[in-house]
Amino acid sequence: NAGVMQNPRHLVRRRGQEARLRCSPMKGHSHVYWYRQLPEEGLKFMVYLQKENIIDESGMPKERFSAEFPKEGPSILRIQQVVRGDSAAYFCASSPLPGNTIYFGEGSWLTVV
Amino acid sequence: SQELEQSPQSLIVQEGKNLTINCTSSKTLYGLYWYKQKYGEGLIFLMMLQKGGEEKSHEKITAKLDEKKQQSSLHITASQPSHAGIYLCGADLMINSGNTPLVFGKGTRLSVIA
């Protein structure tokens, strides 16, 4: 049973470009969570999605960031017009039901140059 | 302010020594999770504690939950180089928190030296 799969693992973007991060949850998991990890700041919640629905996006920046989890295919975190401050590790996690243990992927490391 | 405080922030121990990492919440804990992260990698789930006084062990790692103190401790016995990494605690801070995401501490960086 494959774990949470994230790609790309590493991504370099120039300022102003778009970054798309993909996450395939564990088999049987329909709840996906995105977190961002910045040096010295720890792991910060961004958004929680269920298939085709955003449940909680209280941690998402108001501009340039969006997330989706379509009926078919992976969840996608999209960052438009990236800036240097967006450089971070972005982690996806999934669970089979709300309130269950969440399992993390290996992360996507975004570097904005 | 940080809802979950971990201490110490970093720790260097000699191989074979015991160590304890603490995670203290400013709010009531309804579930406490411990994860381990190796540098540049994802988080690996270690264990979950839900009830006050609950204690769980996996190999040489033991975690306890003190509900009254709103605190959890992670104890490693006879540390080995394989224990090195960042230990993060995550918590449910709302009752029936089905739709509430976990909040995490900043982590404790553990180094084990020979």
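As a reminder, the structure under discussion sits directly above these lines.
This report concerns the structure included in the present document. Every value quoted in this text rests on a predicted model; they were computed, and no experiment measured them.

Conventions and cut-offs
- Residues numbered from 1 in each chain as written.
- Chains lettered and ligands numbered in written order.
- Predicted model: local features only at pLDDT ≥ 70, side-chain atom pairs only at ≥ 80, totals over all residues.
- Heavy atoms only, no water.
- Pairing = 2+ DSSP bridges.
- Helix = DSSP H or I, 4+ residues; strand = E, 2+ residues; numbered from the N terminus.
- Axes fitted to C-alpha atoms, helices over the stretch in contact; angles between N-to-C directions.
- Polar contact = N/O pair within 3.5 Å; in protein donor to acceptor, adjacent residues only side chain to side chain.
- Contact = heavy atoms within 4.5 Å.
- Disulfide = S-S within 2.5 Å.
- Phe/Tyr/Trp six-rings, centres within 6.5 Å; stacked < 30°, edge-to-face > 60°.
- Buried < 20%, exposed > 50% of the residue type's maximum accessible area, 1.4 Å probe, protein only.
- Buried area = accessible area lost by both parts, 1.4 Å probe.
- Salt bridge = Lys/Arg side-chain N within 4 Å of Asp/Glu carboxyl O.

**A short note on the sheet that holds strand S3 (residues 19–24) of chain A**
All names here are of chain A.
Phase 1 of the analysis: In space, the four strands of this open sheet follow the order S1-S3-S8-S7, with antiparallel pairing throughout. The strands lining the two open edges of the sheet, one partner per strand, are strand S1 (5–7) and strand S7 (65–68). Going from strand to strand, the sheet's axes swing by 15° on average, the running direction of each strand aside.
Phase 2 of the analysis: Of the pairings in the sheet, the one linking S7 to strand S8 (residues 75–79) comprises four bridges and is antiparallel in character. Following the sheet pairing, phenylalanine 65 is matched in S8 by isoleucine 79.

**Looking at the side chain of serine 72 of chain B**
Residues and elements named next belong to chain B.
Phase 1 of the analysis: Tracing the sequence through the fold places serine 72 in strand S8 (residues 71–76).
Phase 2 of the analysis: Looking at serine 72, its side chain comes within polar contact range of the side chain of tryptophan 34, at 3.0 Å.
Phase 3 of the analysis: Of the polar contacts made by the side chain of serine 72, one reaches the backbone oxygen of lysine 64; its length is 2.7 Å.
Phase 4 of the analysis: The residues contacting serine 72, other than those within four sequence positions of it, are Ile21, Asn22, Cys23, Leu32, Trp34, Leu49, Lys64 and Leu65.

**Observations concerning the state of the cysteines**
Residue and element names in this part refer to chain A.
Phase 1 of the analysis: Counting across every chain of the model gives two disulfides over all chains.
Phase 2 of the analysis: Paired by a disulfide, cysteine 23 and cysteine 92 hold their sulfur atoms 1.8 Å apart. As the torsion about the S-S bond is roughly -55°, the cysteine 23-cysteine 92 disulfide counts as left-handed. A residue pair is termed long-range when its members are at least 10 positions apart, and cysteine 23 in strand S3 and cysteine 92 in strand S9 (residues 88–95) qualify at 69 residues.

**Comments concerning the packing of aromatic side chains**
Phase 1 of the analysis: Applying the stated criterion across every chain yields a total of 10 aromatic pairs over all chains.
Phase 2 of the analysis: Relative to phenylalanine 104 of chain A, the ring of tyrosine 35 of chain A lies with its centre 5.7 Å away and its plane at 55°, an arrangement referred to as tilted. Of this pair, tyrosine 35 of chain A sits in strand S4 (residues 31–38) while phenylalanine 104 of chain A sits in strand S10 (residues 103–104), and the two are 69 residues apart along the sequence.
Phase 3 of the analysis: Assessed through its relative accessible area of 8%, phenylalanine 104 of chain A is described here as buried.
Phase 4 of the analysis: Consider the rings of tyrosine 103 of chain A and phenylalanine 45 of chain B, whose centres lie 5.7 Å apart with planes at 70°: the pair is edge-to-face. Here tyrosine 103 of chain A is found in strand S10, whereas its partner phenylalanine 45 of chain B is found in strand S5 (residues 43–49) on a different chain.
Phase 5 of the analysis: Exposure remark for tyrosine 103 of chain A: the relative accessible area of 32% places this residue in the partly exposed category.
Phase 6 of the analysis: Look at phenylalanine 45 of chain B and you get partly exposed, because its relative accessible area is 25%.
Phase 7 of the analysis: Through a chain of ring-to-ring contacts, three or more aromatic side chains come together here, namely Tyr35, Phe45, Tyr103 and Phe104 of chain A together with Tyr35, Phe45 and Phe104 of chain B.

**Here we look at the interface of chain A and chain B**
Interface size, as often reported, equals the accessible area lost upon joining of the parts.
Phase 1 of the analysis: Taken residue by residue, the interface counts 23 residues in chain A and 17 residues in chain B.
Phase 2 of the analysis: Summed over both partners, the interface of chain A with chain B comes to about 1600 Å²; 56% of that surface belongs to carbon and sulfur atoms.
Phase 3 of the analysis: Interface area lost by chain A to chain B is led by Leu43, Thr101 and Phe104 of chain A, which between them contribute 27%.
Phase 4 of the analysis: Scanning the region where chain A abuts chain B turns up zero salt bridges.
Phase 5 of the analysis: Counting the contacts that link chain A with chain B gives four residue pairs in polar contact (both at pLDDT 80 or more).

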